[in-house]
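Listed below are the residues making up each chain.
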Amino acid sequence: MTRFLRPLCARLFARAIVIFTHLVTGVQARWDGCAPQPTQRIYFANHASHGDFVLIWTALPPALRRSARPVAGADYWQAGGLRRFIARDVFEAVLVDREGRGCGPDPIEPMARALGQGQSLILFPEGTRNTGDAPLLPFKSGLYRLARRHPKVDLVPVWLANLNRVLPKGEVLPVPLLCSVTFGAPLKLRAAESKEAFLTRAQAALRALTPAATEGAPS
Amino acid sequence: MTADSQILWLFGGVGGLLVVATLIARLLRLRQTAGDAPRQSSPGVENLNARVDAWWAMVALLGLAFLFGGSGVIVLFALISLAALREFLTLTHTRRGDHWALLAAFFLALPAQYGLIAIGWYGLYAIFIPVYAFLLVPVIAVLRGDTQRFLERISETQWGLMLCVYCLSYVPALTTLEIAGFEGRQLLLVAFLVLVVQMSDVLQYVWGKLIGRHRIAPAVSPGKTVEGMAGGIASATLLGAALWWITPFQPWEAAALAFAATAMGFVGGLVMSAIKRDRGVKDWGWMIEGHGGVLDRLDSLVFAAPIFFHLVRYFWSG
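Everything numeric here is computed off the predicted structure, so don't read it as measured data.

### Comments concerning the overall build of chain B
Inference 1: For chain B, the count of helices and strands is 12 helices and zero strands.
Inference 2: Starting at the N terminus and walking to the C terminus, you meet the elements of chain B as α-α-α-α-α-α-α-α-α-α-α-α.
Inference 3: In terms of overall dimensions, chain B is globule-like: its C-alpha atoms have a radius of gyration of 20 Å, near the 20 Å expected for 318 residues.
Inference 4: Over its C-alpha atoms, taken along the principal directions, chain B stretches across nearly 70 × 50 × 35 Å.
Inference 5: Taking all 318 residues of chain B together, 53% fall into the buried category.
Inference 6: Here the contacts in chain B between residues at least 6 apart in sequence split such that 71% fall between residues at least 24 apart.
Inference 7: With the model as given, the accessible surface of chain B reaches about 14900 Å², and the carbon-plus-sulfur share is 70%.
Inference 8: Where the 22 positive side-chain charges of chain B centre and where its 19 negative ones centre are 6 Å apart.

Here it is, written out as structure tokens:
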């Protein structure tokens, strides 16, 4: 019984989350650098709120949503039954032990496996939520290592504007400000490109998507 | 004629105008795309079509609200205020420390303002936001202890509340005015104001396209011309005079009020353009296809409504 009920619940829950996110954030998807096509991609975005991957997922057309799996921290999304249900069944998230925790399996493995199965990923290369005034934290190496193992996959920078204002860290009630999700032009790892050079380039590509409206914001 | 049949006549007239506008827009598109080799229509014509289509939706929404009478109009404008306030505050510099103040603006001040209008408590709704919200927003923010850009952040939130909630709420507040001999017909004042101000925007656009030459404020709003402004305000004033039969006013009084409302609407549009320019955006939002955001459509109404309300209240309802 639960075998059928669980996926059904997950689908209903997903619809509800999409509708709720649209209402609260009025999210607008801006496809500036690429089209919403079903090519295999790693969407890498700035990270300021737990709702970030929900926002990207909502901004994707329904046909692209199913194959786009968010990468999320296991420590947060394994805690509690509801979170686990949302992460595993609703979003089919790839849960990873975040870097720096030492002993566990390499966090790259589950992501690389998903890419090997032809799926797309939603990834936050800053590794943790950015709650300060700097627009971006330094990128972790995961994006580079994935790009090396799957050099054919498009790396699409995605700038999320305002979600950190809708629901800042530590707050419970969202303020209904408007959010936007800007998709930039895809990058690929160049031949013989060093890790540092690649990460700097990826970071610059993401920074370049900052909308003019937030340029004037405190930084 | 009863108020109901007057409203029907008004919506019938607006519907007729929209039919004509739709035909013109579609014909322009057809003229561009028809021919031996299929071609794309120009962005200008596509925008015109999108605008006209959005007008149908907006008129239908207003018509739906009118079906429910005064409370329908109050609920509609409360929702419009919500949409406008989020567009406005999205473009401000608020920080984490403003979260509670923003929650209070959205979920306390806005519903309270429209609630006060619903119960018709003029003495409080006329001062609630300029006095109570004005003082309490900085108090709530200061409790969070973030002093960086404090004055700027608070002022922006206060401006948002004043323009998007307080000023806009004067449109449904017209239904609470008590005018001798005009009882039960106040919805017509809402129809008069909205129709005159919105038609003034449309007519300014049309006059500007037809004979516009001299830019009136090139640094603020390069599209606006002296000819468009004068032609639009003059023809909307005439329209106001022609609508005197739905109001408690004489024709010349209706013209004077229409002039005041459309002149305020014009300068209001300039002010809102200056804010957009300062923030480096073209439109306030993306909610209305072809027009931009809710505030792009309502900027003139925001500035016209309070003045129109208080003129009518002072001279007719005193």
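### Some remarks on the packing of helix H11 (residues 251-279) of chain B against helix H12 (residues 294-316) of chain B
Residue and element names in this part refer to chain B.
Inference 1: In the contact formed by H11 and H12, the axes pass within 7 Å of each other and the chain directions differ by 140 degrees. Relative to H12, H11 is oriented so that their crossing is right-handed. Residues Glu253, Leu257, Ala260, Ala261, Met264, Gly265, Gly268, Gly269, Val271, Met272 and Lys276 of H11 lie in contact with H12, whose contacting residues are Leu295, Asp296, Asp299, Ser300, Phe303, Ala304, Ile307, Phe308, Leu311, Val312 and Trp316.
Inference 2: Here the residues of the contact of H11 with H12 are counted per class, giving 14 nonpolar, four polar and four charged.

### Considering the interface of chain B and chain A
Inference 1: Taken together, the 24 residues of chain B in the interface contact 29 residues of chain A.
Inference 2: It is Arg86, His99 and Trp286 of chain B that lose the most area in chain B upon contact with chain A, and together they represent 36% of the buried surface on that side.
Inference 3: Taken together, the links from chain B to chain A amount to one salt bridge.
Inference 4: Broken down by secondary-structure element, the contributors of at least two residues to the side of chain B that touches chain A are helix H3 (69-90) and helix H4 (99-118) of chain B.
Inference 5: With six residues, the top contributor of residues to the side of chain B that touches chain A is H4 of chain B.
Inference 6: Split into classes, the residues belonging to the side of chain B that touches chain A amount to 10 nonpolar, seven polar and seven charged.

### Topic: the domain arrangement of chain B
For an interface, size is often stated in terms of accessible area lost upon the parts coming together.
Residue and element names in this part refer to chain B.
Inference 1: Domain parsing of chain B yields domain 1 (1-67), domain 2 (70-176) and domain 3 (184-318).
Inference 2: Between domain 2 and domain 3, the C-alpha centre-to-centre distance is 23 Å.
Inference 3: On the domain 3 side, the residues contacting the 24 residues of domain 2 number 27 residues.
Inference 4: Among the residues of domain 2 in contact with domain 3, Glu87, Leu91 and Leu174 are the three that bury the most area, contributing 32% of the side total.
Inference 5: For the salt bridge of Arg279 with Glu156, the shortest nitrogen-to-oxygen distance reads 3.1 Å.

### Some remarks on a nonpolar patch on the surface
Inference 1: Together, Ile127, Val131, Tyr132, Phe134, Leu135, Leu136, Val139, Val142 and Leu143 of chain B give the surface a local cluster of nonpolar side chains, amounting to about 820 Å² of exposed area.
Inference 2: Take Leu135 of chain B: it is sitting in helix H6 (residues 128-142).

### With respect to unusual backbone geometry
All names here are of chain A.
Inference 1: At Glu92, a position not held by glycine, the phi torsion is positive, near 50 degrees.
Inference 2: Following the sequence through the fold, Glu92 ends up in the loop between helix H5 (81-90) and strand E4 (94-96).
Inference 3: The exposure class of Glu92 is partly exposed, given its relative accessible area of 40%.
Inference 4: With a phi angle near 65 degrees, Ala192 is a residue other than glycine that sits in the positive phi range.

### Let's talk about the packing of aromatic side chains
Inference 1: In the structure shown here, the tally under the stated rule is 22 aromatic pairs over all chains.
Inference 2: Aromatic pair Tyr144 of chain A and Phe198 of chain A: ring centres 6.0 Å apart, planes at 50 degrees, arrangement tilted. Of this pair, Tyr144 of chain A sits in helix H7 (residues 142-149) while Phe198 of chain A sits in helix H9 (residues 195-207), and the two are 54 residues apart along the sequence.
Inference 3: Here Phe198 of chain A falls in the buried class, since its relative accessible area comes to 0%.
Inference 4: Clustering of aromatic rings is evident, with ring pairs tying together Phe192, Phe249, Phe308, Tyr314, Phe315 and Trp316 of chain B.
Inference 5: The residue whose ring lies beneath Arg83 of chain A is Tyr76 of chain A, and the NZ or CZ to ring-centre distance is 3.8 Å.
Inference 6: Of note, Arg144 of chain B hangs over the ring of Trp100 of chain B, and the distance from its end group to the ring centre comes to 4.4 Å.

The rules we used
- Sequence order sets the numbering: in each chain, residues are counted from 1 along the sequence as written.
- Just so you know, chain letters begin at A and ligand numbers begin at 1, following the order they were written in.
- Local features in a predicted model are, by the rule used here, given only for residues with pLDDT of at least 70; side-chain atom pairs are given and counted only at 80 or more, and totals for whole chains, interfaces and linings are based on all residues.
- Hydrogens and waters are ignored; side-chain quantities use all the structure's heavy atoms.
- By definition, any uninterrupted DSSP run of H or I lasting at least four residues is a helix, any uninterrupted run of E lasting at least two residues is a strand, and each is numbered from the N terminus.
- This radius of gyration counts C-alpha atoms alone. The globule rule is 2.2 Å times how many residues there are, raised to the power 0.38.
- Relative accessibility decides the category of a residue: with a 1.4 Å probe and only protein chains considered, values under 20% of the type maximum give buried, values over 50% give exposed, and everything between is partly exposed.
- Note on contacts: a residue pair is in contact if any heavy atoms of the two residues lie within 4.5 Å.
- Computed by Shrake-Rupley with a 1.4 Å probe, the accessible areas treat only the displayed protein chains as cover when residues are assessed.
- Positive charges come from Lys and Arg, negative ones from Asp and Glu, while His and the chain ends are left out of the count.
- Every charge is mapped to an atom, namely NZ of Lys, CZ of Arg, CG of Asp or CD of Glu.
- Helix axes use the C-alpha atoms of the stretch in contact, all axes being lines fitted to C-alpha atoms, and the angles between their N-to-C directions lie in the range 0 to 180 degrees.
- By the definition used in this description, the sense in which the near helix is turned from the far one sets the handedness, with an anticlockwise turn below a right angle giving left-handed and a clockwise turn giving right-handed.
- The classification used treats Ala, Val, Leu, Ile, Met, Phe, Trp, Tyr, Cys and Pro as nonpolar, Asp, Glu, Lys and Arg as charged, and all other residues, Gly among them, as polar.
- Joining two parts hides part of their accessible area as seen by a 1.4 Å probe, and the buried area is that hidden amount summed over both.
- Note on definitions: salt bridges are taken to be side-chain nitrogens of Lys or Arg within 4 Å of carboxyl oxygens of Asp or Glu.
- Marked domain ranges trace back to an automatic or database domain assignment.
- Distance thresholds for patches are 9 Å for like charges and 5 Å for nonpolar side chains (Val, Leu, Ile, Met, Phe, Trp, Tyr), applied to residues having over 30% relative accessible area and no salt bridge.
- Aromatic rings from Phe, Tyr and Trp, with only the six-membered ring used for Trp, were paired whenever their centres fell within 6.5 Å, and each pair was classed as stacked if the ring planes differed by under 30 degrees, edge-to-face if by over 60, and tilted otherwise.
- In this scheme, Lys NZ or Arg CZ marks a charge over a ring once it lies within 6 Å of the ring centre and within 35 degrees of the ring normal.

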